[in-house]
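Chain and residue survey
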Amino acid sequence: MAHPTPDSLALIALGEDVESDTLRHVGECRACFAEIEALQQVVAVGRSLGPEDRLTAPDQRVWSQVVEHLHEGRTTTHTAVGLLEPPSSAPAPQAPVAVISGSTDELAGRRRPVRRRRATLAVAAVTALVVGVTGGYFLKGLVEPAVEVSARTQLNALPRWSGANGTAAIEDSGDGERTLVVNMDLPPSMRVDGTLEVWLSDTRAQDMVAMGTMTSSTTVRFPVPASMDLATHPIVDVSLEPAGDSDPAHSDVSVVRGRLNV
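All of the points below concern the structure found in this document. (Residues numbered from 1 in each chain as written. Predicted model: local features only at pLDDT ≥ 70, side-chain atom pairs only at ≥ 80, totals over all residues. Heavy atoms only, no water.)

Next up on the list: unusual backbone geometry. Of note in the backbone geometry, alanine 205 takes a positive phi value of approximately 60° without being a glycine. Inspection of the secondary structure puts alanine 205 in the loop between strand S4 (194–201) and strand S5 (208–214). Positioned with a positive phi, aspartate 252 is a non-glycine residue whose angle comes to about 70°. Position of aspartate 252 among the secondary structure elements: in the loop between strand S7 (235–242) and strand S8 (254–259). On the basis of relative accessibility, which here comes to 70%, the residue aspartate 252 falls in the exposed class. (Helix = DSSP H or I, 4+ residues; strand = E, 2+ residues; numbered from the N terminus. Buried < 20%, exposed > 50% of the residue type's maximum accessible area, 1.4 Å probe, protein only.)

Okay, the pattern of salt bridges next. Taken as a whole and judged by the stated rule, the model has three salt bridges. Between arginine 24 and aspartate 21 there is a salt bridge whose closest N-O contact spans 2.8 Å. Linking arginine 24 with aspartate 21, this pair stays in helix H2 (residues 20–28), spanning three residues, or about one helical turn. Judged by relative accessible area, arginine 24 falls into the partly exposed class, the value being 26%. By relative accessible area, aspartate 21 is classed as partly exposed at 37%. Ionic pairing is found between glutamate 171 and arginine 221, a salt bridge with its closest N-O pair at 2.5 Å. Placement of glutamate 171 in strand S2 (residues 165–172) and of arginine 221 in strand S6 (residues 218–224) is noted, with a sequence separation of 50 residues between them. (Salt bridge = Lys/Arg side-chain N within 4 Å of Asp/Glu carboxyl O.)

Taken in spatial order, the eight strands of this open sheet run S5-S4-S7-S8-S1-S2-S3-S6, and their pairing is antiparallel. The strands lining the two open edges of the sheet, one partner per strand, are S5 and S6. Going across the sheet, the axis of each strand differs from the next one's by a mean of 25°, ignoring polarity. In the sheet, S4 pairs with S5 via six bridges, with the strands oriented antiparallel. The residue of S5 that forms the bridge with glutamate 197 is threonine 213. (Pairing = 2+ DSSP bridges. Axes fitted to C-alpha atoms, helices over the stretch in contact; angles between N-to-C directions.)

Here it is, written out as structure tokens:
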């Protein structure tokens, strides 16, 4: 018979019922046997997770090695698992699949009714994960890098700008990249004649680094230079730069300000 579909292999890995012919094939086909073993490892990990667990992205070197292996032809690109041919010289597995009890003949004799159902989310997730890797479908970005907020502050209005407020935070991706996220909200009645500019400053406002511009009532993101020490530049300042002002220095007109807890 033809190789079972990826959904059928995933169902076996999950301990679900499948046709006896499918079980017989799996017990004799080394390729399908190996696929189910891989799927079972994924299932075991998934079932061991608790509410406190969270996905984290692997090191960038892992993705690089996967791409390198794909380009070297170590996997079969664009080949579905269900179409992989077992090696003709390879002996049949001596033991049944872990989730299947009994010999191949016994399994073939069991004519349990198959419960027809839609593929569950777990089946889809397991199949996509394993088929995607072994079949050569490299889904870059499937797991987003874990982001941690390493510092934050409330942005408070200076006297002239009563009613304005905002927040600022530093997001750390864990691979050395940091991002300054600034949110600001101005009352509708407050007129802004010029450009709002975001700065990181030392506590004496003597060394101020311009991060970029923003508009009122919006959220913006700025990459933080790797060379910047936030411990010496913990102040987030949003200033009003007058329209037509060509001077790159701070205008001395701060709208909101706050200190990051670094």
